[in-house]
Amino acid sequence: MKNILIIEDVEDHLEIVKLILEQNGYNILVATTGTEGLNCARTNSPDLVILDVVLPEMNGYEVCKEIKNGTDTKHIPIIMLSVRSNPEDIETAYKAGANKYITKPFNLEDLVKEVKNHLGEEQK
Amino acid sequence: MRTNGENCYLVKKTGLRPFKRCMYCDKNVQDCFGFQFFVVVMGIIGLLLVMFTIRDLPILAIEITIIILLMLSFLGYIASKETNEIVLTNHLLKELNFELEKRVSQRTKELKLVNFDLQKALRIKSDFLRNMSHELKTPLTTVLGYISILSEKQAGDLNEKQIKMLESMKKNGNDLLHLINQLLDLSKSEAGSLGIEEKEYDLNKTISEATVNIEYMASKKNISLLVQSDERISSIFADHERIKQILVNLLSNAVKFSDNNSDVIISTKDEKDHILVSVKDSGIGIDRGDLKYIFEPFKQLAPEISAKYGGTGIGLSIVKSLVEAYGGKISVDSHTGKGSVFSFTIPKKKV
Ligand SMILES: Nc1ncnc2c1ncn2[C@@H]1O[C@H](COP(=O)(O)OP(=O)(O)O)[C@@H](O)[C@H]1O
Ligand SMILES: [Mg+2]
């Protein structure tokens, strides 16, 4: 079973993403701050990270950069999820190394599709 | 009296009282002097005429000389008075001019400051709208997320009634999201930062992508969306996301303000230095006098129709900003009760 780490500080958003991914058969790890998320990524080396932008302690862009700079973690695909939809924000995310940027509110099916896609799983 | 009245008016308008008053006062004094001298001279001439008849010639010669001298000096006086007046007036005009220039430059400075403040206010408003839109999206993500989970029965079975309610919640939630996105676009367009990303793309593809968004609404009213494209146009260099957004807005209006069972026609035309794209409907049309308002944000001429099919009155203002952002032009031709044609241009650019 593949592990997915969700780093998200809004409780309900975390719950929604968690529910939908568990439904699709993934094992879920959660973190609610930037630093906690980064530590979790380093120690558990998940198969994929879902990362919010606005987070306490350390923002999503920084967490993304750190994960992508670590030799042990840089292979982990990162999907960023945020209410921010300005082109600058999206560009910052991709510059930080994000594999995909999805704006909130997001379509649940689309999220699952992206996750599968980045895990290299077959899709019909 | 009338000049006085005018004078007062001028004073109010320009605040130049001291100069004006001075000039008028002088003129009066001069008139007065002239009249007095005229009386005196006439008197002397009269006296001389009397003397001329009763005295000898030599004395008359002396007297005539004196009179001529007197008259000459009087003329000299008048002349110098007038020169003085001209010099004075000239001087006053120069001062007036200087004063005016000073005032103009001061007012220009003031206006520049006001303009700066206005732009700052506009920026603050745009920032506010943008931040607000983002703040609104956070709770909306929760609402829409749980609605999806519930309606997919991932939290248990549902009865017919509950399914219907959830559907309505989903639709309204999505309408709200659409509104927030439009507000965001509006704030961006006001801040002049609608990102334009141009690339080579098939215009017909852009059109069919736009119609997909409207098909559901059109099918409900049994309205056919027809495309008449100019064969000479294939791929063009432009921001296709933005063009799609423009088309979706125009098409949704066309369908919204048309009767059931009608046609909406999208046509393209190659016109030398630009491409013309038109959306034509045979709906309710727009009064000639109202045409100038429709591109203003939040302007709705038929609020009941807009409310029935959803609308905020900012669609066209966004369309206008979008078109102008890439250097195009938008125009509208409409007749009440007959229908409307909205057209916009896409300038041809070399890749
Ligand atoms: N094709 C059309 N036919 C008739 N009226 C129109 C059409 N398009 C726009 N209008 C008028 O212009 C107004 C502003 O349009 P828009 O900015 O798109 O707002 P909305 O569609 O949200 O009401 C509409 O409310 C309507 O009164
Ligand atoms: Mg509209």
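All values derive from a computational prediction rather than experimental measurement.

(A) Highlighting the overall build of chain B. In terms of helices and strands, chain B carries 8 helices and 7 strands. Sorting the 351 residues of chain B into buried and exposed places 31% on the buried side.

(B) Seen up close, the sheet that holds strand β2 (residues 224–228) of chain B. Residues and elements named next belong to chain B. Sheet architecture is open: 5 strands sit in the order β2-β4-β5-β7-β6, paired in mixed fashion. The open sheet has two edge strands, β2 and β6 (330–335), and neither has a second partner. Mean inter-strand twist for the sheet, computed between neighbouring axes without regard to direction, equals 15 degrees. As judged from the 7 bridges shared by strand β5 (residues 274–280) and strand β7 (residues 339–347), these two strands associate in the antiparallel manner. Looking at β7, one finds that His274 is bridged to Pro347. Against the sheet, helix α5 (residues 203–220) engages β2, β4 (263–271), β5 and β7, with an angle of about 170 degrees to β2.

(C) Quick look at unusual backbone geometry. A cis geometry characterises the amide bond from A:Lys104 onward to A:Pro105, with omega recorded as -5 degrees. Of note, the phi angle at A:Glu57 is positive, near 75 degrees, even though the residue is not glycine. Looking at where A:Glu57 falls in the secondary structure, it is placed in the loop between β3 (48–52) and α3 (60–69). For B:Asn261, which is not a glycine, the phi torsion comes out positive at approximately 60 degrees. By the secondary structure assignment, B:Asn261 is in the loop between α6 (240–256) and β4. Judged by relative accessible area, which is 57%, B:Asn261 ranks as exposed.

(D) Structural context of the interface of chain B and chain A. Taken together, the contacts link 17 residues of chain B with 19 residues of chain A. Note on chain B versus chain A: buried area summed over both sides is about 1500 Å², and carbon and sulfur give 63% of it. The tally of links from chain B across to chain A stands at 0 salt bridges. Summed over the shared surface of chain B and chain A, the number is 4 residue pairs in polar contact (both at pLDDT 80 or more). Among the secondary structure elements, those contributing two or more residues to the side of chain B that touches chain A are α3 (57–151) and α4 (160–190) of chain B. Its residues assigned to classes, the side of chain B that touches chain A comprises 6 nonpolar, 7 polar and 4 charged.

(E) Local environment of the side chain of B:Ser148. Inspection of the secondary structure assignment puts B:Ser148 in helix α3. The buried category is assigned to B:Ser148, whose relative accessible area is 12%.

(F) A look at the side chain of A:Ser85. Inspection of the secondary structure assignment puts A:Ser85 in the loop between β4 (78–82) and α4 (87–95). In contact with A:Ser85, not counting residues within four places along its chain, are A:Ile90, A:Thr103, B:His134, B:Lys137, B:Leu184 and B:Lys188.

(G) Examining the site of ligand 1 more closely. Residues and elements named next belong to chain B. Close contacts around ligand 1 come from 22 residues, with Asn253, Lys256, Thr312, Gly313 and Leu316 the closest. Here Asn253 contributes a side-chain N or O atom positioned 2.8 Å from an oxygen atom of ligand 1. With respect to ligand 1, the side chain of Asp281 contributes an N or O atom lying 2.9 Å from a nitrogen atom. Compared with its free state, where it exposes 530 Å², ligand 1 has 97% of that area covered by protein. Taken together, the elements giving at least two residues each to the shell around ligand 1 come down to α6, α8 (315–325) and β7. For the shell around ligand 1, the element with the highest residue contribution is α6, accounting for 3 residues. Across the shell around ligand 1, the residue classes tally to 10 nonpolar, 9 polar and 3 charged.

(H) Quick look at the packing of helix α1 (residues 11–23) of chain A against helix α5 (residues 108–118) of chain A. All names here are of chain A. Two numbers describe how α1 lies on α5: the axes approach to 10 Å, and their chain directions differ by 60 degrees. In this view, α1 runs oblique relative to α5, as classed from their interaxial angle. Note on packing geometry: the crossing formed by α1 with α5 is right-handed. Taking contact as the criterion, the partners of Ile16, Val17, Ile20 and Leu21 in α1 are, on α5, Leu108, Leu111, Val112 and Val115. Across the contact of α1 with α5, the residue classes break down as 8 nonpolar, no polar and no charged.

(I) Spotlight on the confidence of the model for chain B. All names here are of chain B. Overall, the prediction assigns chain B a mean pLDDT of 82, with 81% of residues at 70 or greater. Confidence, expressed as mean pLDDT per element, reaches its minimum in chain B at helix α1 (residues 2–14) with 40 and its maximum at β5 with 96. Confidence over residues 1–30 falls short of pLDDT 50; this stretch has 23 contacts with residues more than four positions distant or in other chains. Two numbers describe this predicted complex: its pTM, 0.63, and its ipTM, 0.92.

Rules used throughout
- Residues numbered from 1 in each chain as written.
- Chains lettered and ligands numbered in written order.
- Predicted model: local features only at pLDDT ≥ 70, side-chain atom pairs only at ≥ 80, totals over all residues.
- Heavy atoms only, no water.
- Helix = DSSP H or I, 4+ residues; strand = E, 2+ residues; numbered from the N terminus.
- Buried < 20%, exposed > 50% of the residue type's maximum accessible area, 1.4 Å probe, protein only.
- Pairing = 2+ DSSP bridges.
- Axes fitted to C-alpha atoms, helices over the stretch in contact; angles between N-to-C directions.
- Contact = heavy atoms within 4.5 Å.
- Buried area = accessible area lost by both parts, 1.4 Å probe.
- Salt bridge = Lys/Arg side-chain N within 4 Å of Asp/Glu carboxyl O.
- Polar contact = N/O pair within 3.5 Å; in protein donor to acceptor, adjacent residues only side chain to side chain.
- Nonpolar A, V, L, I, M, F, W, Y, C, P; charged D, E, K, R; others polar.
- Near = heavy atom within 4 Å.
- Areas by Shrake-Rupley, 256 points an atom, 1.4 Å probe, with all protein chains shown as cover.
- Parallel < 35°, antiparallel > 145°, perpendicular 65-115°, else oblique.
- Left-handed = near helix turned anticlockwise from the far one by under 90°.
- pLDDT = per-residue confidence, 0-100.

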